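Read off the chains here:
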Amino acid sequence: MNLDVKHRMEQMQKRAADYKSFSSQDEATVKVLFASETGTAEGLAREFADACQLSHGADAMADIDVDEIDGTTTIFFVSTAGQGSMPRNGTEFLKQLNARKDSFAEGTSFSVMGLGDSSYYFFLKAAKDIEEAMLKLGAKCIHPLGEGDDSCADEGLAEGLHQWQQGIFPALGLPKPEEVPHIMPVDLLFSKRVVLSELEDSHAIEQYYESIDTKEVRISRVEHLSEEGHNRDFIAFTLQTGSKDLSYELGDSLEIFPKNKEEDVINFLQEFSTEWDERTVIRLSHAFGVHGEISIGAVFTNVLDIFGKPNMSFLQKLATFEEDADKRK
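Residues numbered from 1 in each chain as written. Predicted model: local features only at pLDDT ≥ 70, side-chain atom pairs only at ≥ 80, totals over all residues. Heavy atoms only, no water.

Quick look at the pattern of salt bridges now. In total, this model carries 11 salt bridges according to the counting rule given. Linking arginine 46 and glutamate 42 is a salt bridge whose minimum nitrogen-to-oxygen distance equals 3.1 Å. Remark: glutamate 42 and arginine 46 occur in helix H2 (residues 40-51); sequence separation between them is four residues, near one turn of the helix. You can call glutamate 42 partly exposed: its relative accessible area is 28%. (Salt bridge = Lys/Arg side-chain N within 4 Å of Asp/Glu carboxyl O. Helix = DSSP H or I, 4+ residues; strand = E, 2+ residues; numbered from the N terminus. Buried < 20%, exposed > 50% of the residue type's maximum accessible area, 1.4 Å probe, protein only.)

Next comes the structure, spelled out in structure tokens:
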């Protein structure tokens, strides 16, 4: 199985070798910018920039001056924070847009992919603010606002994103990419050790949590706020922060990293392979922030979301490994 995946990755990398015809950011004709609070918009922006032949990469709006998009084509990925607010790494950019007096030069164009939740009153307000400001300054909208709705019952944000992507590539004069050239396999080796102690696994997982800058706190109370049958599950958590340096203000976003049940992981791995199980020891090279040995069970329990509903982006990536065109569709 590992050899098969490696072969397919090598084939993809060969096809991607000449995917982009430039080597520096200055030569790219499409800029990709994001305003992201929890990292979702940033991740989507970077995936899009990797797949777009005309873009060199994605940048936070906070790292770009408004003058830099004058005369260019810019694709925005904008999430919504709090009650319709712009994420913090996009507020200054929006202020610059609204304060600008001179219209953009001819040839300035854009499109916005907005991310939000339609169960909130100010759905996509931050994305709409960017679109409105760009239009006022004379920029041309090359594709209508994308509406990624996290409360969509079927695919969540992915449904609106997929619909927007069907039009944005043709609007840029590009075919929709069939491959995602930036996919890279996890760098790992099977260890000669037979088993790790719980303490060794615990230390390895600590590396993972440290790499994503998390804090461990105890949940003292869980209250379900949604009525039974509602398409969204709203839950109120009461946290015991104790002496932890953890501040939380109204409008801030809090990301929770749950674990998979150990018994479910064991059953999953038993069905997946007869060659190794949850006790098998592997050596990671800075993957998931871990450098060293860790058991497969610890990775699947603490790091990987193996029981969540796959989104459209994941399925598109998975399809790149299918060589049969009909099955890939």
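This is not the end of the story, as more comes after the structure.
Right, let's talk about the nonpolar core for a bit. Phe76, Val78, Phe93, Leu97, Ile130 and Met134 are the most contacted members of the largest nonpolar core, which totals 25 residues. When near neighbours in sequence (up to four residues on either side) are disregarded, methionine 134 contacts Ile69, Phe76, Leu97, Phe104, Phe110 and Ala139. Grouped together as the second largest cluster of nonpolar side chains are 21 residues, Val30, Ala49, Ala58 and Ile75 included. (Core = buried A, V, L, I, M, F, W, Y, C linked by side-chain atoms within 4.5 Å. Contact = heavy atoms within 4.5 Å.)

Attention shifts here to unusual backbone geometry. Not every positive phi belongs to a glycine, and histidine 286 is a case in point at roughly 65°. Looking at histidine 286, the relative accessible area reads 56%, which means it is exposed. A positive phi angle, near 60°, is found at phenylalanine 288, a position not held by glycine. Looking at where phenylalanine 288 falls in the secondary structure, it is placed in the loop between strand E10 (281-287) and strand E11 (290-295).

Our focus in this paragraph is a nonpolar patch on the surface. Side chains of Ile219, Val222, Ile235, Phe237, Tyr248, Leu254 and Ile256 sit close together on the surface and give an oily, nonpolar patch of about 620 Å² of accessible area. Of all the secondary-structure elements, those providing two or more residues to the nonpolar patch are strand E8 (218-224) and strand E9 (235-240). Topologically, isoleucine 256 is positioned in the loop between E9 and helix H7 (262-272). (Patch = residues over 30% accessible without salt bridge, like charges linked within 9 Å, V, L, I, M, F, W, Y side chains within 5 Å. Areas by Shrake-Rupley, 256 points an atom, 1.4 Å probe, with all protein chains shown as cover.)

What follows is about the sheet that holds E10. With antiparallel pairing, three strands are arranged side by side in an open sheet as E7-E10-E11. Pairing within the sheet leaves two strands with one partner each, and these edge strands are strand E7 (188-190) and E11. Taking each pair of neighbouring strands and ignoring which way they run, the sheet shows an average axis angle of 20°. (Pairing = 2+ DSSP bridges. Axes fitted to C-alpha atoms, helices over the stretch in contact; angles between N-to-C directions.)

Another point: the packing of helix H3 (residues 91-99) against helix H4 (residues 125-136). When two helices pack together, their arrangement is given by the angle between their axes and by how far apart the axes lie. Contact geometry for H3 and H4: axes closest at 9 Å, N-to-C directions at 30°. Relative to H4, H3 is oriented roughly parallel. Crossing of H3 against H4: the hand is left-handed. Only Asp129, Ile130, Ala133 and Met134 of H4 make contact with H3, whose side of the interface consists of Phe93, Leu94, Leu97 and Asn98. (Parallel < 35°, antiparallel > 145°, perpendicular 65-115°, else oblique. Left-handed = near helix turned anticlockwise from the far one by under 90°.)

Now for the confidence of the model for the chain. Model confidence for the chain is summarised by a mean pLDDT of 83, while 83% of its residues fall at 70 or above. For the stretch residues 1-9, pLDDT sits under 50, and the model shows 10 contacts to residues farther than four places along the chain or on other chains. For the stretch residues 12-18, pLDDT sits under 50, and the model shows eight contacts to residues farther than four places along the chain or on other chains. (pLDDT = per-residue confidence, 0-100.)

This next bit is on the packing of H2 against helix H5 (residues 157-171). Between H2 and H5, the shortest axis-to-axis distance is 13 Å and the interhelical angle comes to 30°. Judged by the angle between their axes, H2 and H5 are roughly parallel. Our pair here, H2 against H5, has a crossing hand that is right-handed. Of the residues in H5, those in contact with Thr40, Leu44, Phe48 and Ala51 of H2 are Leu157, Leu161, Trp164, Ile168 and Phe169. Among the residues forming the contact of H2 with H5, the class breakdown is eight nonpolar, one polar and no charged. (Nonpolar A, V, L, I, M, F, W, Y, C, P; charged D, E, K, R; others polar.)

Judged by side-chain charge, Glu198, Glu262, Glu263 and Asp264 come together as a negatively charged surface patch. Of the residues forming the negative patch, the biggest block, three residues, is contributed by H7. Assignment of secondary structure puts aspartate 264 in helix H7. (Lys, Arg positive; Asp, Glu negative; His and termini not counted. Charge placed at Lys NZ, Arg CZ, Asp CG, Glu CD.)

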